[in-house]
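Structure assessment
The lines below spell out each chain.
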Amino acid sequence: MEENFDPDLIHAIFKLVWSRRNKKVEGNQGIHLEGGAGTSKKTRATTANASALKVSCELLRLFVAEAIQRAALIAEAEGIDIIEPTHLERVLPQLLLDF
Amino acid sequence: METLGDDGIGIGSGGESDKERQEETEEEAALLRDRLLLSVISIASSHAKTLGMTISEPVVACIADLAFKQAEQMGRDVELFAQHAGRKSVNMEDVILSAHRNEHLMGLLRDFAQELKGKEPCTERKRTKKALKNENKVQEPIEMLD
């Protein structure tokens with residue numbers, strides 16, 4: 001029953017973020033090291049180990065579950081059994097502070 | 001009036017190749033967003049079921065968008081933590097640290113991590129005869145003290 005995110009998907013998102021940052025860093029380095037004779041230091045990309053990815057998946061799953069649980073509380077208090085955007089709106093500030 | 005709002009994508013130093021790369025990353029990001037949306041839909045629907053509620057579509061889409069942003073932020077945080085520790089590779093502790101804003105959450109993640117650690121030795125290493133003998137030896141002194 002325990003559904004979770006795919007570690008490969010999370011890994012792909014991380015790699016996207018890391019390569020974006022890498023390009024920024026490389027861009028800045030290029031400006032400073034222009035005189036060098038082709039000695040551009042290629043900053044090795046960050047990697048993540050398998051258990052770190054699993055824990056990240058768990059963290060994101062907790063985020064989704066928590067969002068739903070808090071919004072559901074509000075909806076229940078109103079006596080409605082469908083979670084609407086207004087319910088999510090009300091729990092959003094505290095949710096984002098907690099995560 | 002300027003604000004500190006992030007534009008999301010790194011500002012390139014101009015030129016066609018940079019624009020092409022930006023378009024590629026945008027396409028990749030869109031693909032990942034869709035995949036994440038699918039995962040969120042399945043997790044959200046099953047969780048709502050256990051609560052006996054239904055979720056409206058816009059809420060799921062919103063949560064998926066938030067989850068994507070959280071994942072991006074998480075990626076940046078753990079990269080910084082790993083680099084700060086002088087490592088190129090992100091490990092479990094970096095991820096757990098990134099949840100430091102909420103003690104309860106951090107505790108949950110530590111438990112999860114402990115479980116993972118506990119499972120790994122069993123699946124990776126075969127229990128040797130020596131290890132079993134040591135376990136028996138550890139038990140004996142306790143009995144003698146009694």
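Residues numbered from 1 in each chain as written. Chains lettered and ligands numbered in written order. Predicted model: local features only at pLDDT ≥ 70, side-chain atom pairs only at ≥ 80, totals over all residues. Heavy atoms only, no water.

**Things to note about the packing of helix 2 (residues 50-78) of chain A against helix 3 (residues 85-98) of chain A**
Residues and elements named next belong to chain A. At a closest axis distance of 9 Å, the pairing of helix 2 and helix 3 adopts a crossing angle of 140°. The orientation of helix 2 relative to helix 3 falls into the category oblique. Of the two possible hands of crossing, helix 2 and helix 3 adopt the one that is right-handed. Between helix 2 and helix 3, the contacting residues are Phe-63, Glu-66, Ala-67, Arg-70, Ala-71, Ile-74, Ala-75 and Glu-78 on the first element and His-87, Leu-88, Arg-90, Val-91, Gln-94, Leu-95, Leu-96 and Asp-98 on the second. Partitioning the contact of helix 2 with helix 3 into residue classes produces nine nonpolar, two polar and five charged. (Axes fitted to C-alpha atoms, helices over the stretch in contact; angles between N-to-C directions. Helix = DSSP H or I, 4+ residues; strand = E, 2+ residues; numbered from the N terminus. Parallel < 35°, antiparallel > 145°, perpendicular 65-115°, else oblique. Left-handed = near helix turned anticlockwise from the far one by under 90°. Contact = heavy atoms within 4.5 Å. Nonpolar A, V, L, I, M, F, W, Y, C, P; charged D, E, K, R; others polar.)

**What to know about the nonpolar core**
Residues Phe5(A) and Val40(B) are the most contacted members of the largest nonpolar core, which totals 60 residues. Listing elements by their share of this core, those giving two or more residues are helix 1 (7-32), helix 2 and helix 3 of chain A together with helix 1 (16-51), helix 2 (57-84), helix 3 (92-97) and helix 4 (103-124) of chain B. For this core, the element with the most residues is helix 2 of chain A, which contributes 14 residues. (Core = buried A, V, L, I, M, F, W, Y, C linked by side-chain atoms within 4.5 Å. Buried < 20%, exposed > 50% of the residue type's maximum accessible area, 1.4 Å probe, protein only.)

**What about the pattern of salt bridges?**
Applying the stated criterion across every chain yields a total of 10 salt bridges over all chains. Between Arg21(A) and Glu79(B) there is a salt bridge whose closest N-O contact spans 3.5 Å. On the criterion of chain membership, the pair formed by Arg21(A) in helix 1 and Glu79(B) in helix 2 is interchain, its members lying in two chains. Exposure remark for Glu79(B): the relative accessible area of 4% places this residue in the buried category. Linking Asp65(B) and Lys69(B) is a salt bridge whose minimum nitrogen-to-oxygen distance equals 2.9 Å. Residue Asp65(B) and its partner Lys69(B) are located together in helix 2, separated by four residues, close to a single helical turn. (Salt bridge = Lys/Arg side-chain N within 4 Å of Asp/Glu carboxyl O.)

**Concerning the confidence of the model for chain B**
Residue and element names in this part refer to chain B. Put simply, chain B has an average pLDDT of 82, and 74% of its residues get 70 or more. The low-confidence segment residues 137-146, where pLDDT is below 50, has zero contacts with residues more than four positions distant or belonging to other chains. Reported confidence for the predicted complex is 0.86 by ipTM and 0.79 by pTM. (pLDDT = per-residue confidence, 0-100.)

**A closer look at helix 2 of chain A**
Its 29 residues place the ends of helix 2 of chain A 43 Å apart at the C-alpha level, agreeing with the 42 Å of an ideal helix rising 1.5 Å per residue. Just downstream of helix 2 of chain A lies Gly79(A), where phi reads positive at about 80°. (Expected span 1.5 Å × (residues − 1).)

**Quick word on the interface of chain A and chain B**
Contacts between chain A and chain B engage 52 residues on the former and 58 residues on the latter. Interface area, chain A with chain B, both sides summed: about 5,200 Å², of which 72% is carbon and sulfur. Viewed at the interface, chain B and chain A are joined by two salt bridges. At the surface where chain A touches chain B, the tally comes to 14 residue pairs in polar contact (both at pLDDT 80 or more). (Buried area = accessible area lost by both parts, 1.4 Å probe. Polar contact = N/O pair within 3.5 Å; in protein donor to acceptor, adjacent residues only side chain to side chain.)

**Brief notes about the packing of helix 3 of chain A against helix 2 of chain B**
The geometry of helix 3 of chain A relative to helix 2 of chain B is characterised by a closest axis approach of 10 Å and an angle of 20° between their N-to-C directions. The angle between the axes of helix 3 of chain A and helix 2 of chain B places the two elements in the roughly parallel class. Pair helix 3 of chain A / helix 2 of chain B crosses with right-handed handedness. In this structure, helix 3 of chain A contributes Pro85(A), Leu88(A), Leu92(A) and Leu96(A) to the contact, and helix 2 of chain B contributes Pro58(B), Val59(B), Cys62(B), Ile63(B), Leu66(B) and Gln70(B). Among the residues making up the contact of helix 3 of chain A with helix 2 of chain B, the classes are represented as nine nonpolar, one polar and no charged.

**Structural notes on helix 2 of chain B**
Taking 1.5 Å of rise per residue, 28 residues should cover 40 Å, and helix 2 of chain B covers 40 Å from first to last C-alpha, within 8% of that figure. Gly86(B) sits one or two residues past helix 2 of chain B and shows a positive phi near 80°.

**Looking at a negative patch on the surface**
Residues Glu20(B), Glu23(B), Glu24(B), Glu26(B), Glu27(B) and Glu28(B) make up a contiguous surface patch of negative charge. Note on placement: Glu28(B) falls in helix 1. (Patch = residues over 30% accessible without salt bridge, like charges linked within 9 Å, V, L, I, M, F, W, Y side chains within 5 Å. Areas by Shrake-Rupley, 256 points an atom, 1.4 Å probe, with all protein chains shown as cover. Lys, Arg positive; Asp, Glu negative; His and termini not counted. Charge placed at Lys NZ, Arg CZ, Asp CG, Glu CD.)

**So, the environment of Gly75(B)**
Mapped onto the secondary structure, Gly75(B) falls in helix 2. Residue Gly75(B) is classed as buried on the basis of its relative accessible area, which comes to 0%. Note: C-alpha distance between Gly75(B) and Val60(B) (15 residues apart in sequence) is 22 Å. If sequence neighbours within four positions are ignored, Gly75(B) has contacts with Phe14(A), Val17(A) and Trp18(A).

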